[in-house]
Amino acid sequence: DGGITQSPKYLFRKEGQNVTLSCEQNLNHDAMYWYRQDPGQGLRLIYYSQIVNDFQKGDIAEGYSVSREKKESFPLTVTSAQKNPTAFYLCASSNRDWNNQPQHFGDGTRLSIL
Amino acid sequence: AQSVTQLDSQVPVFEEAPVELRCNYSSSVSVYLFWYVQYPNQGLQLLLKYLSGSTLVKGINGFEAEFNKSQTSFHLRKPSVHISDTAEYFCAVSDMRTGANNLFFGTGTRLTVIP
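Parameters and conventions
- Residues numbered from 1 in each chain as written.
- Chains lettered and ligands numbered in written order.
- Predicted model: local features only at pLDDT ≥ 70, side-chain atom pairs only at ≥ 80, totals over all residues.
- Heavy atoms only, no water.
- Pairing = 2+ DSSP bridges.
- Helix = DSSP H or I, 4+ residues; strand = E, 2+ residues; numbered from the N terminus.
- Salt bridge = Lys/Arg side-chain N within 4 Å of Asp/Glu carboxyl O.
- Buried < 20%, exposed > 50% of the residue type's maximum accessible area, 1.4 Å probe, protein only.
- Disulfide = S-S within 2.5 Å.

Draft legend 1. Representation of the pairing of strand S6 (residues 54-57) of chain A in the model. Residue and element names in this part refer to chain A. Pairing between strand S5 (residues 42-51) and S6: 3 bridges, direction antiparallel. Its bridge partner lying in S6, Tyr-47 is registered against Lys-57. Hairpin remark: S5 followed by S6, antiparallel, with 2 residues in the connecting loop; positive phi at Asn-53, about 65 degrees.

Draft legend 2. Expanded view of the pattern of salt bridges. This structure, assessed with the given rule, holds 9 salt bridges over all chains. In this structure, the salt-bridge partner of Arg-36 of chain A is Asp-38 of chain A, at a minimum N-O distance of 2.8 Å. The exposure class assigned to Arg-36 of chain A is buried, which follows from its relative accessible area of 4%. Judged by its relative accessible area of 11%, Asp-38 of chain A is buried. The shortest N-O distance in the salt bridge between Arg-77 of chain B and Glu-20 of chain B comes to 2.8 Å.

Draft legend 3. Local environment of the state of the cysteines. Residues and elements named next belong to chain A. One pass over the structure, following the stated rule, counts 2 disulfides over all chains. Put simply, Cys-23 and Cys-91 are joined by a disulfide, and their sulfur atoms are 1.9 Å apart. In this structure the cystine formed by Cys-23 and Cys-91 twists about its S-S bond by roughly -75 degrees; its chirality is therefore left-handed. Of the two residues, Cys-23 is situated in strand S3 (residues 19-25) and Cys-91 in strand S9 (residues 87-94); the sequence distance between them amounts to 68 residues. Comparing Cys-23 with Cys-91, the two get one shared label, buried.

Draft legend 4. Representation of the pairing of S5 of chain A within the structure. Residues and elements named next belong to chain A. Across the 10 residues of S5, 7 count as buried, placing the element largely inside the fold. Two elements, strand S4 (residues 31-38) and S5, share 7 bridges in a ladder whose sense is antiparallel. Paired with Arg-36 across the bridge in S5 is Arg-44. Where S4 folds back on S5, the antiparallel hairpin that results is connected by 3 residues, among which Gly-40 adopts a positive phi of roughly 75 degrees.

Listed below in structure tokens is the structure:
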């Protein structure tokens, strides 16, 4: 079955450490997205990519970085500059060529500070 | 720019009772509207979507929603809820120019079904 795989499911970060969250999709979707979810705040867009080797900042990109070297992969790095990284991170993908295709989501990674 | 308001952060309801989860949006252009459901520690699953045509759309698990352009609303309803419907529900909007590449989410409504 096609879908989006996020790993790990749970991740712990030490002070001053960078961590990378993995997102892989086998839906052959062009566009991929990273969201941060905090209680009572819904989903906020961190970064998105509409095509390989291209990505744009979302609403809360500070302290995060991404890469899009392959169509199926869109890893997110939470850097030490992100002072409040504890949250649930969701990866999504969509077909860029079909404007009314809603986004498909992975099962998320929960990041906590040690 | 678009925005979505879900006025009710929590909705408790007894099993087999009807429920309505409210969603209002603002946009200067025509929109697509969606409802997603999220079970604990999982991603979001699409419940239903309004793209065009009939304003009453039916989704999975017995849910339906009605698009009301004059009131800029897209409320989600179910005539009889089950325990398994306990989850968080998100309303989302995108505009017809940018499509799914720019989804704006509400802050969510936590539905708790009481036995």
